[in-house]
Amino acid sequence: MKEVSKGARVVVGMSGGVDSSVAAMLLKEQGYDVIGIFMKNWDDTDEFGVCTATEDYEDVIRVCNQLDIPYYAVNFEKQYWDKVFTYFLDEYKIGRTPNPDVICNKEIKFKAFLDHALSLGADYVATGHYARVVRENGEVHMLRGKDVNKDQTYFLNQLTEQQLSKVLFPLGDMEKPEVRELAAQANLATASKKDSTGICFIGERNFKEFLSGYLPAQKGNMENFDGKIVGQHDGLMYYTIGQRRGLGIGGDGEPWFVIGKDMDRNVLYVEQGFDHELLYSDSIISDNVSWISEEDTPDTFECTAKFRYRQQDNKVTVERLNDSKVKVIFHEPIRAIAPGQAVVFYQGEECLGGGTINQVYRDNKQLTYVG
């Protein structure tokens, strides 16, 4: 595999934020032929007719003019609806907690966008993600970003070696304060712009209000595992495993936490205590597993895994059940694992790939988390 050559054409996915702005600036300074492209994935016009995507694109235009690079906008709303938002709704319908950012990276940013960029004659695409791509001995590896607080490999776990061979992450060896400082020194239009948070199609809106516009909510009982009714829930889709806030259960003793869901009876299971034993599991089954390396993965191996973005690594043993399904055995019990979320595997600094959490077990018994 050839190394990245200066002068190559790089199409940068620009969001109107500081990270992608600095990524484009660094590539331009390094001698690449840089083109900025803004992806419109969602119509987020509010009740006042204001669309934040329009504001973001205006920031892209300002930055590209400052950098003296061409810019375009491309509309992926249909692809986003079909591949990401439909998945998001389908997962909530069955009581799971999806991670649309993982699917967006897989289907939109590094598939639809990558294909579009290549059609423009690009040699590579680049984004402002905090991750590293290493090319050596004809292989491509993805490593965690240097900034451990911003590392985004968790959300990039579904990318393949073939996709990554066409990807550059200019911020991978940087920390966020350094990125902000470079933007300020260059007087970029986005230098002081606040980072976006949450899922792009929800934005600053109330999550429950947004979701209820697409899925009908049915109120029901909150029960403990002895069958005692302790409260009422607003709809099972609004709750995730381990959740404490928003339950509205008073009384004496320790706080209440979500333990599981019974979709057939429309019951939300809750118990008291942060360390309640039913919040802990010792293994999972994961499907839709994708490995970054094209080389064969061993049938059984040890590594570390993350089950949520903001989580320390956990030592695990992975047993391959088939090409896209694995059993993951924890070396120590882990708290509040939610079906629908991503499990991502690491060997040291390298991200190996990941999958979707399907079933959760304790002592070989499936926990009543969904179903």
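Rules of the game
Numbering of residues begins from 1 in every chain and follows the order in which that chain's sequence is written. The model is predicted, so local features are restricted to residues of pLDDT at least 70 and side-chain atom pairs to those at 80 or more, both for listing and for counting; the totals for chains, interfaces and linings are taken over all residues. The side-chain quantities take in all heavy atoms of the structure and omit both hydrogens and water. Only DSSP runs of H or I covering at least 4 residues are called helices, and only runs of E covering at least 2 are called strands; the numbering of each starts at the N terminus. Every radius of gyration here is taken over C-alpha atoms, with the globule rule written as 2.2 Å times N^0.38, N being the number of residues. Throughout, exposure labels follow a simple rule: accessible area from a 1.4 Å probe, protein chains only, divided by the maximum for the residue type, with under 20% read as buried, over 50% as exposed, and the rest as partly exposed. All accessible areas in this document rest on Shrake-Rupley with a 1.4 Å probe, and a residue is counted as covered only by the protein chains that are shown. Charged-residue counts in this description rest on Lys and Arg as positive and Asp and Glu as negative, His and the chain ends being excluded. Taken as the charge centre is NZ of Lys, CZ of Arg, CG of Asp or CD of Glu, depending on the residue. Any two strands with at least two DSSP-identified bridges between them are counted as paired. Each patch groups residues whose relative accessible area exceeds 30% and which form no salt bridge, using 9 Å between like charges and 5 Å between nonpolar side chains of Val, Leu, Ile, Met, Phe, Trp and Tyr. Each reported salt bridge corresponds to a side-chain nitrogen of Lys or Arg within 4 Å of a carboxyl oxygen of Asp or Glu. Pairs of N or O atoms are called polar contacts if they sit within 3.5 Å, as long as, within protein, a hydrogen donor faces a hydrogen acceptor (for residues adjacent in sequence, only side-chain-to-side-chain pairs). Axis definition: a line fitted to C-alpha atoms, limited for helices to the stretch in contact. Angles are taken between N-to-C directions and run from 0 to 180 degrees. We call two directions roughly parallel when the angle between them is under 35 degrees, roughly antiparallel when it is over 145, roughly perpendicular when it lies between 65 and 115, and oblique otherwise. Helix crossings get a hand from a simple test, with the near helix turned counterclockwise from the far one by less than a right angle marking a left-handed crossing and a clockwise turn marking a right-handed one. It only takes one pair of heavy atoms within 4.5 Å for two residues to be counted as in contact. Each residue is assigned to one of three groups, with Ala, Val, Leu, Ile, Met, Phe, Trp, Tyr, Cys and Pro labelled nonpolar, Asp, Glu, Lys and Arg labelled charged, and all others, Gly among them, labelled polar. Each residue is assigned a bend, namely the angle between axes fitted to the seven residues that terminate at it and the seven residues that start at it. Only buried Ala, Val, Leu, Ile, Met, Phe, Trp, Tyr and Cys residues count toward a nonpolar core, and they belong to the same one when joined by side-chain atoms within 4.5 Å.

Caption draft 1: Region of the structure containing the overall build of the chain. The helix and strand inventory of the chain stands at seven helices and 18 strands. By the compact-globule yardstick of 21 Å for 371 residues, the chain fits well, its C-alpha radius of gyration being 22 Å. With the C-alpha coordinates aligned to their principal axes, the bounding extent of the chain is approximately 65 × 55 × 35 Å. Here the chain, with 371 residues, has 53% of them falling under the buried criterion. Only carbon and sulfur atoms are counted for the fraction: they give 45% of the accessible area of the chain, which is about 17,600 Å². With 41 positive and 57 negative side-chain charges, the chain shows a separation of 2 Å between the mean positions of the two kinds.

Caption draft 2: Local environment of the pairing of strand β9 (residues 229-233). Where strand β8 (residues 220-223) and β9 come together, four bridges link them in antiparallel fashion. Bridged to glutamate 223 within β9 is isoleucine 229. Hairpin connection between β8 and β9: a loop of five residues separates the two successive antiparallel strands, and glycine 227 in this loop has a positive phi of roughly 90°.

Caption draft 3: Structural detail: unusual backbone geometry. For aspartate 68, which is not glycine, the phi torsion reads 60° and is therefore positive. Residues other than glycine seldom take positive phi values, yet asparagine 364 does so here, at roughly 65°.

Caption draft 4: Quick peek at a negative patch on the surface. The grouping of Glu294, Glu295, Asp296 and Asp299 at the surface amounts to a negative patch. Locating glutamate 295 in the fold gives a position in the loop between β12 (280-291) and β13 (300-306).

Caption draft 5: Spotlight on the side chain of serine 283. Along the chain, serine 283 turns up in strand β12. Residue class for serine 283 comes out buried when judged on its relative accessible area of 5%. In terms of polar contacts, serine 283 uses its side chain to reach the side chain of aspartate 282, at 3.5 Å.

Caption draft 6: Structural context of the pattern of salt bridges. This model, assessed by the stated rule, comprises 20 salt bridges. Notably, a salt bridge pairs aspartate 59 with lysine 193, separated by 2.7 Å at the nearest N-O pair. On the criterion of sequence distance, the pair formed by aspartate 59 in helix α2 (residues 52-67) and lysine 193 in the loop between α6 (176-185) and α7 (207-212) is long-range, its members being 134 residues apart. Accessibility expressed as a relative area gives 23% for lysine 193, which makes it partly exposed. Note that aspartate 195 and lysine 150 form a salt bridge whose closest N and O atoms lie 3.9 Å from each other. Of this pair, aspartate 195 sits in the loop between α6 and α7 while lysine 150 sits in the loop between β6 (139-144) and α5 (161-164); the two residues are 45 residues apart in sequence, bridging distant segments of the chain. Within the structure, one salt-bridge network assembled from shared partners comprises Asp19, Lys150, Lys176, Arg180 and Asp195.

Caption draft 7: The arrangement of the packing of helix α3 (residues 77-93) against helix α4 (residues 100-119) in detail. Across the interface, α3 lies against α4 with an axial gap of 10 Å and an inter-helix angle of 155°. Judged by the angle between their axes, α3 and α4 are roughly antiparallel. Helix-helix and strand crossings are classified by hand; for α3 and α4 the assignment is right-handed. Counting all contacts with α3, which are made through Gln79, Tyr80, Lys83, Val84, Tyr87 and Phe88, the residues of α4 involved are Pro100, Ile103, Cys104, Glu107 and Ile108. A class-by-class count of the residues in the contact of α3 with α4 yields eight nonpolar, one polar and two charged.

Caption draft 8: Here's a closer look at α3. The largest bend in α3 is about 30°, located at phenylalanine 85. Those residues of α3 that sit buried are Tyr80, Val84, Phe85, Phe88, Leu89, Glu91 and Tyr92. The inward-facing, buried residues of α3 contact α4 and α7. Following α3 by one or two positions, glycine 95 has its phi on the positive side, about 85°.

Caption draft 9: Molecular detail of the nonpolar core. Phe88, Phe169, Phe201 and Leu247 are the most contacted members of the largest nonpolar core, which has 67 residues in total. Ranked by the residues each element gives to this core, the list is headed by α4, at nine residues. Formed by 30 residues, the second largest nonpolar core is a distinct cluster that contains Met25, Ala53, Val60 and Leu171.

Caption draft 10: Looking closely at the pairing of strand β16 (residues 342-347). Within β16, five of the six residues are buried, which leaves the element mostly enclosed by the surrounding structure. For β13 and β16, the ladder comprises three bridges, and the chain directions are antiparallel. By the bridge assignment, lysine 306 is partnered in β16 with valine 344. Two elements, β16 and strand β17 (residues 350-362), share six bridges in a ladder whose sense is antiparallel. Residue tyrosine 346 lies in a different strand from β17, and its bridge partner there is cysteine 351. The antiparallel hairpin formed by β16 and β17 contains two residues in its connecting segment, where glycine 348 sits at a positive phi of about 65°.

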